[in-house]
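Fold and geometry: a report
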Amino acid sequence: MSTATMTAPTEKKSHSLALKAGLLLVGIHIFMGLLTLVWLPYDPTAMAGGRLEGPSLLHLLGTDRLGRDLFTQMMIGSRIALIVGIGAVAIGAVIGVTLGLLAAFASKWLDDALAATLDILIAFPTLLIAMLVVAASDTANLWSAIIALGIALSAIVARLTRILAKRVLVMDYITAARTSGSSWPKIVAIHILPNIWPTLSVNFALQFGLAVIAEASLSYLGLGAPPPNASWGRILQEAQGTVYTAPLGAIAPGIALVSLAIGVNLLADGLRDTIDPTRRAR
Amino acid sequence: MSLVRVDHVSFGYTANRRILDDVSLEIAQGDTIGLVGESGSGKTTLLRLLLGLARPDSGTITFDGRPLDPRNGAFMRDFRRQAQVVYQDPYSSLDPRQTIQSIIAEPLRSLKIPGDHQKQVGDALEAVGLDRDVGTRFPHQFSGGQRQRIAIARAIVPGPRLLLADEAVSALDLTTRIRIVDLLAGLSKTMSLLFVSHDIGVVAALCRRIVILEKGRIVEAGDTAAVLANPQHPYTQRLLASVPRLTLNEVSS
Ligand SMILES: Nc1ncnc2c1ncn2[C@@H]1O[C@H](COP(=O)(O)OP(=O)(O)OP(=O)(O)O)[C@@H](O)[C@H]1O
Ligand SMILES: [Mg+2]
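Here the structure is a predicted model, which is why all the values come from computation and not from measurement.

When its secondary structure is counted, chain B shows 10 helices and 10 strands. For a compact globule of 253 residues, the expected C-alpha radius of gyration is about 18 Å, and chain B comes in at 18 Å, within 12% of that figure. Along the longest, intermediate and shortest principal axes, the C-alpha atoms of chain B span 50 × 45 × 35 Å. Counting over 253 residues, chain B shows a buried share of 56%. A total of about 10,800 Å² of accessible surface is found on chain B, and carbon and sulfur atoms cover 49% of it. In chain B, the 30 positive side-chain charges and the 27 negative ones have mean positions that sit 4 Å from each other.

Right, let's get into the nonpolar core. Counting residues in each nonpolar core, the largest one holds 53 residues, and the members touching the most others are Ile192, Trp232 and Leu260 of chain A. Beyond its immediate chain neighbours, meaning those up to four positions away, Leu260 of chain A contacts His29, Ala81, Leu82, Phe208, Val212 and Trp232 of chain A. Counting residues in hydrophobic clusters, the runner-up holds 47 residues, among them Ile104, Ala124, Met191 and Val203 of chain B.

Residues and elements named next belong to chain B. Residues in contact with ligand 1, as listed here, are Tyr13, Arg17, Ile19, Glu38, Ser39, Gly40, Ser41, Gly42, Lys43, Thr44, Thr45 and Glu167. Here a nitrogen atom of ligand 1 and a side-chain polar atom of Tyr13 are 3.5 Å apart. The contact in question runs from an oxygen atom of ligand 1 to an N or O atom on the side chain of Thr45, over 2.5 Å. Starting from 630 Å² of accessible surface for ligand 1 in isolation, the protein chains cover 62%. Residues of the shell around ligand 1, tallied by class, amount to 2 nonpolar, 6 polar and 4 charged.

For the rest of this paragraph, the subject is a nonpolar patch on the surface. Residues and elements named next belong to chain A. Together, Ile83, Val94, Ile95, Leu99, Leu102, Trp143, Ile147 and Ile151 give the surface a local cluster of nonpolar side chains, amounting to about 710 Å² of exposed area. Only helix 2 (70-105) and helix 5 (142-169) provide two or more residues apiece to the nonpolar patch. Of all the elements, helix 2 adds the most residues to the nonpolar patch, at 5 residues. Inspection of the secondary structure puts Ile83 in helix 2.

This part takes up the pairing of strand 1 (residues 2-11) of chain B. Residues and elements named next belong to chain B. Strand 1 sits mainly inside the fold: 7 of its 10 residues count as buried. Here strand 1 pairs with strand 2 (residues 20-28) via 6 bridges, running antiparallel. Looking at strand 2, one finds that Phe11 is bridged to Leu20. In terms of strand pairing, strand 1 meets strand 4 (residues 58-63) through 5 bridges, oriented antiparallel. Counted as the bridge partner of Val6 is Ile61 from strand 4.

With that settled, the discussion passes to the interface of chain B and chain A. Between chain B and chain A, the contact holds 30 residues from the first and 26 residues from the second. The shortest N-O distance in the salt bridge between Arg97 of chain B and Asp276 of chain A comes to 2.9 Å. Along the contact surface separating chain B from chain A lie 13 residue pairs in polar contact (both at pLDDT 80 or more). Those elements giving two or more residues to the side of chain B that touches chain A turn out to be strand 6 (83-86), helix 3 (100-110) and helix 5 (144-156) of chain B. Broken down by element, the residue count for the side of chain B that touches chain A peaks at 4 residues, all from helix 3 of chain B.

Listed in full, the buried residues belonging to helix 2 (residues 73-82) of chain B are Phe75, Met76, Phe79, Arg80 and Gln82 of chain B. Seen end-on, helix 2 of chain B carries its buried residues on one side only, within an arc spanning 160°. Elements that come into contact with the buried residues of helix 2 of chain B comprise helix 6 (172-179) of chain A together with helix 1 (43-50), strand 4, strand 5 (66-67), strand 6 and strand 7 (162-166) of chain B.

Conventions used here
Residues numbered from 1 in each chain as written. Chains lettered and ligands numbered in written order. Predicted model: local features only at pLDDT ≥ 70, side-chain atom pairs only at ≥ 80, totals over all residues. Heavy atoms only, no water. Helix = DSSP H or I, 4+ residues; strand = E, 2+ residues; numbered from the N terminus. Rg over C-alpha atoms; globule rule 2.2 N^0.38 Å. Buried < 20%, exposed > 50% of the residue type's maximum accessible area, 1.4 Å probe, protein only. Areas by Shrake-Rupley, 256 points an atom, 1.4 Å probe, with all protein chains shown as cover. Lys, Arg positive; Asp, Glu negative; His and termini not counted. Charge placed at Lys NZ, Arg CZ, Asp CG, Glu CD. Core = buried A, V, L, I, M, F, W, Y, C linked by side-chain atoms within 4.5 Å. Contact = heavy atoms within 4.5 Å. Near = heavy atom within 4 Å. Polar contact = N/O pair within 3.5 Å; in protein donor to acceptor, adjacent residues only side chain to side chain. Nonpolar A, V, L, I, M, F, W, Y, C, P; charged D, E, K, R; others polar. Patch = residues over 30% accessible without salt bridge, like charges linked within 9 Å, V, L, I, M, F, W, Y side chains within 5 Å. Salt bridge = Lys/Arg side-chain N within 4 Å of Asp/Glu carboxyl O. Pairing = 2+ DSSP bridges. Arc of directions from axis to C-beta.

Here it is, written out as structure tokens:
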């Protein structure tokens, strides 16, 4: 019996490289975010030094125009970004996967109606929907932004889930499961979700990045929470007037945003490639 | 005594197009029947009705004397155990993300069949000519012919009395095809077999009786040898004329 279980060495290497890079990038942010719960270098709302100081051993990223320590704010930004990304994707995933599966199983009429509704929702930019919701709630609250982003993402997730589930539903192994006596809920849990999960999870990573960037944009537009719960977008906004004298205030949040978004995507790709049996051994 | 009885069954996926038209058919206990017809003649559709995956618009199907009613849960559980199916495409009939053990054990789990499932799966694997210990592997680690054996193992593991095979050897190369036909021939000694094919050569080698389906109607049925020696219906004559000589020789040798 032949066992073609060897993976091409170069391919394997790049997989684990993506996984390691992703783990490193995301790990840094998780470490910073968790650390803020027990320890901060300085009080994020108080003057910790002179105004617009450059980087030093005391202030790794210098201080802002009010003399607040920038590194402290960046650490808190990691925590906020993780909460936003995880929260929005969790909401988007639960609503989106449920709706998508419903549509895939629905009668043609209901399915068409759902698909059309989703297309219309997706046509609105995520940021615009989130802005409307946040502007409508009177306090600039992190949770209203997360819920708004989650709902906006759910339309995208639902459309993808619907297509993926329909593709799986026509497979003979679904019919085989039925003639094996498996109930539909069981078929969803055992056959459909595991087979759409690899594609979904990579999409969730993408949505995570989008959500974090969208929240940063909201904050940049003044719709985010002030320190001590400021996000990277808020830091960016506050640094905008002094970008020539103290560029780190603008550069640091930018790098943080991009590194987290890329890290999550690398991590998702890497995890999929190591966990998915059909990829692991191809 | 007849195990399956199809009585004047008609069916269409949509109201304005009939796929099966007044089909009557009997499968006796232990019989092997070849269902032959061109692509689109309704063979798979008839199997779907026989499996209770769709219901006839008119006419009745009975299994072991009881009406085949998909809404009757207690009956269906017993029926699923007794009627199993092997599909044409060995690549789409096995869930790529499940182990072989889990794939073959699915009917045992879902139909709540008692006993040591691991052992039953091992026995089924052996019965189809595979090693007992391949259970931890995944479908993509097997060839098309091996996958079809795995699909057959899943079908026989609950101990069915009726095995339906929908073009189960069509996707395989000639040598593998002959091996799988041999395997099915062995299995048909212990269960009834309805073997769907557009390959008359294979049917001739495997089936005692033959049923010819044309555009949803049964145009000819009878003893395979008799029908092939002296086809009555023009459609059967045309089907026979189009059989490549090679296939007939290969299989009968
Ligand atoms: N789910 C479906 N919805 C609507 N029409 C269908 C569906 N499945 C099959 N049909 C139609 O029913 C007819 C018979 O299809 P069926 O699959 O039963 O043929 P077949 O004899 O199995 O053909 P083949 O040898 O190609 O497998 C075809 O014309 C097909 O287009
Ligand atoms: Mg068919």
